[in-house]
Every structure is written in structure tokens, then in C-alpha cells.
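Fold and contact review
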Amino acid sequence: CALHRGAPSCGSSARLTAPTCVLLLLLFAFVSVASASRDDAPGGNNETGRAPPEDSHHHHQQTNSSTHHKKAFPVLSFNYEHVRQPFEISLWILLALLMKLGFHIIPRVSNVVPESCLLIVVGLLIGGIIKAIGEKAPMLDSKLFFLYLLPPIILDAGYFLPIRPFTENMGTILVFAVVGTLWNTFFVGGMMYAVCQIEGAQLGGVDLLSCLLFGSIISAVDPVAVLAVFEEIHINELLHILVFGESLLNDAVTVVLYHLFEEFSHADTVTVGDALLGVVCFFVVSLGGIMVGAIYGLLGAFTSRFTSHTRVIEPLFVFLYSYMAYLSAEVFHLSGIMSLIACGVMMRPYVEANISHKSYTTVKYFMKMWSSVSETLIFIFLGVSTVAGPHAWNWTFVIFTVILCLVSRVLGVIGLTYVINKFRIVKLTKKDQFIVAYGGLRGAIAFSLGFLLTNSQLKNMFLTAIITVIFFTVFVQGMTIRPLVELLAVKKKKESKRSINEEIHTQFLDHLLTGIEDICGHYGHHHWKDKLNRFNKAYVKRWLIAGERSTEPQLISFYNKMEMKQAMMLVESGSAAKLPAIVSSMQNIQPRGPARPRAIPSISKSREQEIRKILRANLQKTRQRLRSYSRHDLLIDPFEDGLSEVRFRRQRVEMERRMSHYLTVPANRQEIPSVRKVCFEPEHQVYTYDTDGESLRGRRASHSHPSASDAAGLVNESTRRPDQSGAAEPRPKAPDDQEDQDQLTLSRCLSDPGPNKDEEGGGSFLS
Amino acid sequence: MGALQSLHGRPEYLDLAEKTGFSFEQIRVLHERFKQLSHNEETLRRSHFNEIPDLACNPIRAQIIEAFFDRRNYHQNGEGTVEEIGFEEFLVVMSHFRPPSLHMTEEQRENVRREKLRFVFNMHDTDNDGTITLEEYRHVVEELLSRSGALEKETAKSIADAAMLEVASISMGHMEPDEFYEGITFEHFLKLLDGFEIESRMNIRFLNMDTSTLCK
């Protein structure tokens, strides 16, 4: 019966989804029984003071009335009221996640239909079941939505916002967001008013202001829906950031227009003064929101500077400051979304420089997790609310709304692109315009705003129309956008990962363009960006980034991150034997010196580099005997996951054997610093090597750099390594003698078991 | 004299417009700037460039200035450097930074790309031998990092080496230990920056130039 109705599965995978459905139904039944006496959504207003539960009351009565019966000690008792609220919330969330899990197990469906659609369908079914049982289904409460469900998604979007494309297209995005939304509002509002004047539609009671209010609710592109659909189609970065940026920034406009029309609809007359105040309000709302967010972002960055001793709570700072930014903005009716975005954007570069790698991973995963859960819950609730809510269906109104939304979006995009293209270097083609127009999805924000309306007679009609538009955009547009993207051959997202060459050239180009602008005397885009960067480096970074990371240029941090990732990949892959095939090696690119006969085969430089990295890691592992399990004092070992002591020791022995075969390992100084950087971040003070690393760096910095003379360097090297018969190819040497000494001894220890054992390298593993 | 159609500079502007693709207005503005930089002389020298204050904080200043005096940027087969340049050469170098026009065939777009990448290549290849050697690339990276406080020469070297390794693996695939990778040729450079979209990034908006905001 209900089981089969509720199962969204195809025949072959019925077996998989059947247990899920049974579970689902059981969970569901429980929830509905539990919600039997409740009127509102779980998590909505539930009373905090509870009446004493039924059974203990009953027991009291019993003991009071009959004193002769001695009540047996209750071995097992049932007290649901006690945990009702958290229980229900958890059950809903669990349900949502199980659904999400279910969809990914059924591959065929999830390829065709975007997840958001499936979730809404599930919501509809659940709503249907609840109604069939005869209970009142919970609605998507606006407070729940705006305070708990929306922030994680926006934070996730804002924190991981790709800054470069966003700022490069900022003008376009702002025009679409502000002008586009205004156009949509007035067009839809105005035309709907005209439609309402039609005789046969029974819509006479709808006045202009209500129509405009309706227009403002329905015209905003919704970030949740856009994210949900665009995540799956992987279009190129430009289009993604245009639509997505627009959906984020139009919040300010929506907030202002909504409040404006809401106020006006209660007032009798609207003057020009009021309209002007509206414009001022817009600036206050958006700029105020951004400022609030920026302040919290800076506070968060500043706090993260001092967290080197309490790494465990670092992620919490990120989340709490962001959430506070959102709530603070909401207090003043400023744009919470813009505040959240500003906070994330502001905080990110500094926080990432300060927090440990594990904290960074935690932040990333928690954000993705929360935003995923929120999104799932939102769509399910949307489905449930559709079934539950009071509807007032009016054919004319609804149909015209849908048509007008589409028309206004298309006209708006075309018109604005025409204007924008005059100012853009990379013009938007017709295909781009189509995708931007088609990607204007409406979602739960429109619904929640509609839900907040106070005028009850029109509210139902409006809500119905809003839901219809949402369904239309999510289902029809959401499902067809993927085949359309394929059909139109829209450029997809580049899959290649960032290479060091691209990074070098990005920076190079930035400086080049700034230079050319200066030569032209043109204070353009690049000039100001350069000024901002210099200001950032000179003042802001000093305050907000701990230690010496504050002076680290971007190229170096990029390089470090890359090396770190590579090394971690190597270590996690567990075995040194599986070194990734490095295609070319160092010696391929070194200038060739006079050819010398090689008596002993040597391993390629890059293999050697990798081996050294692993050896370093192992070295640290063995030193790291001390491990504390107290939460206050967690010693963080980046390479600890899943690697056992024994395996490492075995690997080490194997490596030593291999290394001892290769006597000729010419000192290649380029590798040493990268080895150092790979394992040790300055904040991991637990590593003893780190202090040596610091001191190495310190010593290097203290020496001046006389101009390198290759001849002297070469002489140096050959006198120190008389036993080396391999090719000692001339290489440009670092002039610093002290560092020569350190690095040579290091390399010597690794390469041949020579007499001079450095204390770090020698004893422990070449024993 | 403000009118575009003034007879004064028209014939020579026509010639330049054809050669570089700039509009008359743009040429006029740039000419103003040229005169300002050169203190109303006929030619520009390196010393004139050194007087621009904002340029002083640019880490790759030397290379940018050199690019103006490099004959390879004037026409296809030029070689060597000059000591002073006239307005025409100035304009030709600037024309490398023009945005591509909207309606371009694939072939034209490819040509624009090659031209811009050739410019950047010439900036890296300081000894004019047609390849960017490891030394030259190291120099590039060092210059980029030179303004950033502590000059970590080692790091610059590692970065340049890693980059070179990457180029080698992209262009040459697997190499025997005895093979030696000479340097980045122009073709390899093109392949390397294949996804870089330089034709849309290497542009200056000349359209909004307003001579009143010119810096000294």
C-alpha cells in the first residue's frame, strides 16, 4: 500500500530501496505520531516549560488514591516528552540524509534529474502521507529558514567564493543583481496589476502595491536553487560566477524592496520622498551589511592569529564569527547574506595563513556538510509545505505569473547585456546570455518571504503562485539545463588543476599590466588592485597573520601548498615503493657540464627528492613518541592517520638499503628547502626539526648575499666531497657558506654513511 | 585642435591606425602621453621610463622597460635592442595590449593569442636565442619575488625548477636520464599556457583614458 506508493525506485533497484523505504516509513510514522498534538514545525516555537509527563502524573494519582498498593519499581518506563523536540529534529535530519543517500545509490535517476527535484518530490510524498494520516504537516517556518537553514549555505558559498573571477566580473554582476532585479520587480508587478484589471479573473482586490510586493518577492534569483543545479552541470567559471554572484548580491535589493512595499502597503499614500528614502535605504542596507561582515571578518582573522596553542577550537571561530555577522546584520535589517559573504571573503586569506592544515580541512568539511544538510532539508520542507499549506489557486494569476517571470528575465538579460558589453573586454555571447537567463531559478527564499506576508487573503494566492513558479523553475529549467548545455556546447569548467607555471604567469601578467597602465598614465583596474595588494601586504597582513607567514609572498605560499599536498599524497599512499612516476627529472633540465663517466648508477633527482621527503616524514614519526590524548593538548601530527609504527620502520629499512646502493648523490641544494617546507609548518612546534629549520632560515637571513661565483662554489664542493666520483655538474651555488655546510652534511648523511654524522640525519636512520 | 578630423596629424595617424589597429582618438591620447613622458622630445629613452614614479615599485620593471626597446616586438624578424624609440614603436608595443574585437574568427583569435604570447616569451627570453633556458626562467621568478621582503633565492630556484620540470613533462613526455631539455621553445610555451586565455587577460582598457588623470 503506502510502501509502494512511497517508493521512488525503478524495478531493478527495488531491493536496495525497499529497506530504505521501510525504514523511511517507520521513521515517518514515528514522527507523525509524535507530532500528533503539535501545530507547528519541529524547531518552531515549542514550549520550553513542560507539563509533567503523563505516566508520572498517573503514578502520583495512583499512589495518592490507594496507599495500600505498593507500586513496583518501574524497570522500564516510557518518557517521550522529555526528548521530543531534539528527537524530532534529529529524525527529520536523518530522514533527509537517508533520502540523499538513497538517490546516490540509484545512478540512473540522479543523472537525469537534479537532486533538488528529487528532494522536492520526496517532500511532496511525505506531505501527502502526513495528510493522508490526517495530521497537520509542518510548514517551512520562516524563522527556521532564515536563521538556521540559510546561513550555512551562504557561508559555504561566500567562504569558497573564487575571488578573482568574482572581482573581475564585479561590474557585470552588480548590474545584473541590482538593475536586473529592479527591472524584474517592476515589470512583473506592473504587468500583474494590468492582468488583475482583466474583468473575468476575479482579481479585482489586488492593488498596485500588493502586486509590486509580489513582484519583489518573485523576482529574486535564489542562491540555493542556483547552487543546487549549477553544481551538477559544471559550466565554465565565467557563467557560473555571473549567475551565482547575481543570486548572492540581489539579496540587498530584495530586502529593501520587500520592506519598502510591505511598509507602503500599510500606508495610505506614497510620496516621492518615500521613494527617495527607499533608494537611500538600499545603499544603507547593502553597504552596511558589507561593513558589518567585514568587521567580523577582520575580528575573526585577528583572533586566528593567536590560536597556535589551541588548534582544536580554530574551526569554531570561523563559524561563530560568520554566524554572528549574519545575525548582527539581521538585527538592523541589513542584508544578512551580503554580510555573511563579506565576512567569509575578508576572513579567508588571513585565517588560512594562520590555521593548521587539519583545522582547514575541518572548516572545509564542516561547511560542506552543513550546507549540504541545509539544502536537503530546505527542499524537502518545500515539498512538505506545498502539500500542507492553504492554497488559493487562481488560474489566471498563476499562469500569468509564470509567463511574466520568464519573459521579464529574458528581456532583462538581453537588455542589460547589450549595455554591459560596451564596457566589457570579454563580451557575453548569445549562448552566455541564454544560460544566464535560463539559470535564473527561484527557490526557497521567495517562498519564505511570501510566508512572512501578513495580508492573509492575498497571501494564499501569492504563495500558490510562488510555489508554482519555484516548481516550474526547479523542475523544468533545472532538468533541462543540462541537456541544453550539452546541446549548445557551452564551454565546460576546465578540469586541469592549477600548475605552477600558470601561477607564475598570472602574477607576471598582473605586474606587467600594472606596469603598462602606469606607463600609459591610466589609473585603471590593475593600478588600484596593485595598490590594494601593497597596502594589504604592508599593513594588514602584519596585523592579522601570525609569525613570519605574514611576509610570505603569494607565489611561495602557493608553491608550499603544492609541495605539501604532493608530500602528503606520497606519505598517505603508504609505501615508498610506489613513488609516482616523475616523468622528467632534475638532471634533464640542468645545464650539462663536461661529461664524466659514471661509475655508479645514480637515481634521478626527483626520485631522490621524493625519497628524502618520505625519510624526513619517517624521521619525525619516530621522534614523535609522545602522544597525548587530552583534548587540551592535542599534538597534531599531519602524517599520523592510519600509518602504523611497524610499517614505517619496515619502509625505513627498505629505503636505507636502497639508498646505500647509491653513493653518488651530488648535493642539489634546491631540494633541501622544499623538503624543509614540506613537513614543517612553523606552527607545529612539536617537531624538533622545525627549530632547526627555523634556525636554518634564520641563519640564512642573517648572512648577506655576496654575488655567487660559480668557480668558488665548485671548488668548495669538490674539496668537501673527495670521495665522490659521480658527476659533479656545475650548478649555481648559493653563496652562503653556513647553509652549504648544513645542507651538504644533510645530503651526505643521506647519501653515504660518511664519518661526519650530523645529529639530525645521521644516527637515527643510518645506524 | 581637439577635433578628430584636424588636418594636423591626420595622415600619419592614418598610417599608424592601420598598422596598429588603434582608433584615432586612442592614438591621439597616447601621443599626448608620449609627449609628456619624453618632455616633448621626439624619442623616448630608458631614462624617461625610469622617471615614472609608480613604475618604481613594480618588481618586473626592468623587463617591461626592456620590452619597449626590443626590436623583436616591432615586427616579425627584428632582433636586438635600440637605445631610443619614436612614437611609432611606442604605439606598436602598446598595440599588443589591445583587447580582441568581438567578432573574430577562430584563426584571428589564434593569431592574437600567438602575438600576445610571443610578447611575453620575448620578455622572458632575454638573450634572444629563441628558447627560455633554466637560468632565464629562474631570473623571472627571482624578479617576481624580489619585492617581497626576504629574498629567498633558494625558494625562487625551487619554484623555477619545479616549473621547468612541469614544462618538460608537458612538452617532452617521458625523458631518458641522459636526455637534456634545452629550454622552453616558443611552441612549448604555447602548449604550456594553453588553458591560460591570455587573449582575454592581457588587455588594457584604452577606451576610458582621460588625460586629466595622467600621473606625472
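Chain B is annotated in an unreviewed UniProt entry as Calcineurin B homologous protein 3 of Scophthalmus maximus. Taken from UniProt, the Sequence similarities (unreviewed entry) comment for chain B reads in full: "Belongs to the calcineurin regulatory subunit family. CHP subfamily."

Looking up chain A in an unreviewed UniProt entry gives the name Sodium/hydrogen exchanger, with the organism given as Scophthalmus maximus. Under the UniProt heading Sequence similarities (unreviewed entry), the note attached to chain A is "Belongs to the monovalent cation:proton antiporter 1 (CPA1) transporter (TC 2.A.36) family." According to UniProt, the comment filed for chain A under the heading Subcellular location (unreviewed entry) is "Basolateral cell membrane".

So, about unusual backbone geometry. Residue and element names in this part refer to chain B. Unusually for a residue other than glycine, His39 sits at a positive phi of about 50°. Here His39 lies in the loop between helix 2 (24-37) and strand 1 (44-45). Judged by relative accessible area, His39 falls into the partly exposed class, the value being 47%. The phi torsion at Asn128 lies on the positive side, around 60°, for a residue other than glycine. Secondary-structure assignment places Asn128 in the loop between helix 6 (106-124) and strand 3 (131-132). You can call Asn128 partly exposed: its relative accessible area is 28%.

Residues and elements named next belong to chain A. Counted under the stated rule, the structure contains 21 salt bridges over all chains. Glu168 is paired through a salt bridge with Arg164; the nearest N and O atoms lie 3.9 Å apart. Remark: Arg164 and Glu168 occur in helix 8 (residues 163-168); sequence separation between them is four residues, near one turn of the helix. Glu314 serves as the salt-bridge partner of Arg311, at 2.6 Å between the closest nitrogen and oxygen. One exposure class covers both Arg311 and Glu314, and it is buried.

What follows deals with helix 5 (residues 87-94) of chain B. A large share of helix 5 of chain B lies buried, amounting to six of its eight residues. Taken as a whole, helix 5 of chain B has its buried residues at Phe87(B), Phe90(B), Leu91(B), Val92(B), Val93(B) and Met94(B).

As a further point, take the nonpolar core. Ranked by size, the top nonpolar core spans 136 residues in total, and within it Phe145(A) and Leu150(A) carry the most contacts. With 16 residues, the single largest contributor to this core is helix 12 (residues 237-266) of chain A. Leaving out residues up to four positions away in the same chain, Leu150(A) has contacts with Phe145(A), Val224(A), Tyr326(A), Ile337(A) and Ile445(A). The next biggest cluster of nonpolar side chains, apart from the first, holds 70 residues, and it includes Phe508(A), Phe49(B), Ile52(B) and Ala168(B).

Here we take up the environment of Gly389(A). Among the secondary structure elements, Gly389(A) is positioned in the loop between helix 16 (357-388) and helix 17 (395-420). Using a relative accessible area of 8% as the deciding quantity, one classes Gly389(A) as buried.

Our focus in this paragraph is a nonpolar patch on the surface. On the surface, Trp183(A), Trp393(A), Trp395(A), Ile399(A), Ile403(A), Leu406(A), Val407(A) and Leu411(A) cluster together into a nonpolar patch covering about 770 Å² of accessible area. On the secondary structure map, Trp393(A) appears in the loop between helix 16 and helix 17.

Another aspect to go through is the packing of helix 7 (residues 142-159) of chain A against helix 19 (residues 444-451) of chain A. The interhelical angle for the contact between helix 7 of chain A and helix 19 of chain A, taken along N-to-C directions, is 145°, at an axis separation of 9 Å. Contact residues: helix 7 of chain A offers Ser142(A), Phe145(A), Phe146(A) and Leu150(A), while helix 19 of chain A offers Ala444(A), Ile445(A), Ser448(A), Leu449(A) and Phe451(A).

A few words now on the confidence of the model for chain A. Atomic detail in the predicted coordinates should be set aside for any region of low pLDDT. All names here are of chain A. Looking at chain A as a whole, the pLDDT averages 71, with 63% of positions reaching at least 70. Ignoring residues within four places in sequence, the model shows residues 1-20, a span with pLDDT below 50, making 17 contacts including any to other chains. Low pLDDT, under 50, characterises residues 661-767; the stretch is placed with 194 contacts to residues that sit more than four places away or in other chains.

Per the stated rule, a full pass over the model turns up 30 aromatic pairs over all chains. Between Phe97(B) and Phe119(B), the ring centres sit 5.4 Å apart and the planes meet at 80°, which makes this aromatic pair edge-to-face. Of this pair, Phe97(B) sits in the loop between helix 5 and helix 6 while Phe119(B) sits in helix 6, placing them 22 residues apart in sequence. Given the relative accessible area of 0%, Phe97(B) is considered buried. If you follow Lys459(A) out to its NZ or CZ, it ends over the ring of Phe451(A), 4.8 Å from the centre. Cation over ring: Arg118(B) sits above Phe186(B), and NZ or CZ is 4.5 Å from the ring centre.

About the criteria used
- Residues numbered from 1 in each chain as written.
- Chains lettered and ligands numbered in written order.
- Predicted model: local features only at pLDDT ≥ 70, side-chain atom pairs only at ≥ 80, totals over all residues.
- Heavy atoms only, no water.
- UniProt positions renumbered as here; feature names shortened; annotations may be inferred.
- Helix = DSSP H or I, 4+ residues; strand = E, 2+ residues; numbered from the N terminus.
- Buried < 20%, exposed > 50% of the residue type's maximum accessible area, 1.4 Å probe, protein only.
- Salt bridge = Lys/Arg side-chain N within 4 Å of Asp/Glu carboxyl O.
- Core = buried A, V, L, I, M, F, W, Y, C linked by side-chain atoms within 4.5 Å.
- Contact = heavy atoms within 4.5 Å.
- Patch = residues over 30% accessible without salt bridge, like charges linked within 9 Å, V, L, I, M, F, W, Y side chains within 5 Å.
- Areas by Shrake-Rupley, 256 points an atom, 1.4 Å probe, with all protein chains shown as cover.
- Axes fitted to C-alpha atoms, helices over the stretch in contact; angles between N-to-C directions.
- pLDDT = per-residue confidence, 0-100.
- Phe/Tyr/Trp six-rings, centres within 6.5 Å; stacked < 30°, edge-to-face > 60°.
- Lys NZ or Arg CZ within 6 Å of the ring centre and 35° of its normal.

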